[in-house]
Structure formats: structure tokens, C-alpha cells
Amino acid sequence: IAKLNPGISVGMDTKQEENTNIVTVYPNPANSEFTVGIPATSTDIRIYNSLGQNIVQTKIAGETKERFSLTESGIYFVCATTAKGIITKKVVVY
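Residues numbered from 1 in each chain as written. Predicted model: local features only at pLDDT ≥ 70, side-chain atom pairs only at ≥ 80, totals over all residues. Heavy atoms only, no water.

With that settled, the discussion passes to the sheet that holds strand β7 (residues 64-69). One open sheet holds the three strands; their spatial order is β3-β4-β7, and the pairing between them is antiparallel. Looking at which strands have only one partner, the edges of the open sheet turn out to be β3 (24-26) and β7. Here the average twist between neighbouring strands, direction ignored, is 20°. (Pairing = 2+ DSSP bridges. Helix = DSSP H or I, 4+ residues; strand = E, 2+ residues; numbered from the N terminus. Axes fitted to C-alpha atoms, helices over the stretch in contact; angles between N-to-C directions.)

This is the structure:
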């Protein structure tokens, strides 16, 4: 982590990096279909397009893998809200 000024950090610390590994998105890039893997007990999933529009919203209970299918090519952001916080992953659909 690089400190620019007191209280301002750039980069990821180890704890933040561990939290992002809780949620998996594969394959990435994807040909319209991809899977989100979540080992948490209860998770809200939201998928946003590159314009910030909410494309998908669902709640997943328990450890699971959920398959999603998007028809338009582009860059999407998978946001998972777990007990450890909000985790965002980028996925490219071609």
C-alpha cells in the first residue's frame, strides 16, 4: 500500500485482497454465460453494465454457484454483498 498523505492509501492491503477472493467469476472473459461462486451464507448479487445500470439483482442463500447469461457483449461488474462487505468483480462478455 502506498501512502500519499495521512489517511489516504493507494492499492490493496492483504485483508482487502483476501475478501475479493471470496467471490469467484468464471470463465472471464465469457461467451454470454458465466458462473458466480459464493461460499458465504447469504449474498445479494447485482450485475451492472458499464453505464452503471443494474441489469440483474438476486439473493443467494448458502454456499452456491449461480450461472448467469447476458446477451449483450460488454464489460459488466458483479457486486456481491456478503457479511464481509461488498465485493466487486469485473467480467467481460463477448
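Turning to the sheet that holds strand β6 (residues 54-61), a few remarks are in order. The strand order across the open sheet formed by four strands is β6-β5-β8-β9, and the pairing between neighbours is antiparallel. The sheet terminates laterally at β6 and β9 (85-93), the two strands that pair on one side only. Each adjacent strand pair in this sheet contributes to an overall mean axis angle of 20°, direction not counted.

As for its placement among the helices and strands, threonine 35 is situated in strand β4 (residues 33-38). Other than its neighbours up to four places away in sequence, threonine 35 contacts Thr24, Val25, Tyr26, Lys65, Glu66 and Arg67. (Contact = heavy atoms within 4.5 Å.)

On to unusual backbone geometry. Tyrosine 26 connects to proline 27 through a cis peptide bond whose omega is -15°. When you line up the elements, proline 27 lands in the loop between β3 and β4. The step from asparagine 28 to proline 29 runs through a cis peptide bond, and the omega angle for that step is 10°. Looking at where proline 29 falls in the secondary structure, it is placed in the loop between β3 and β4. For serine 32, which is not glycine, the phi dihedral falls at a positive 75°. Mapped onto the elements, serine 32 comes out in the loop between β3 and β4.

For the structure shown, the criterion picks out two salt bridges. The partner of arginine 67 in a salt bridge is glutamate 33, with the nearest N and O atoms 3.3 Å apart. Taken together, the residues arginine 67 in strand β7 and glutamate 33 in strand β4 connect sequence positions 34 residues apart. On the basis of relative accessible area, glutamate 33 is assigned to the partly exposed category, the value being 37%. Lysine 59 is the partner of aspartate 44 in a salt bridge, and the nearest nitrogen-oxygen pair spans 3.8 Å. Remark: lysine 59 occurs in strand β6 and aspartate 44 occurs in strand β5 (residues 42-49); sequence separation between them is 15 residues. The class of lysine 59 is exposed, set by a relative accessible area of 58%. (Salt bridge = Lys/Arg side-chain N within 4 Å of Asp/Glu carboxyl O. Buried < 20%, exposed > 50% of the residue type's maximum accessible area, 1.4 Å probe, protein only.)

In short, geometric facts, not functional conclusions.
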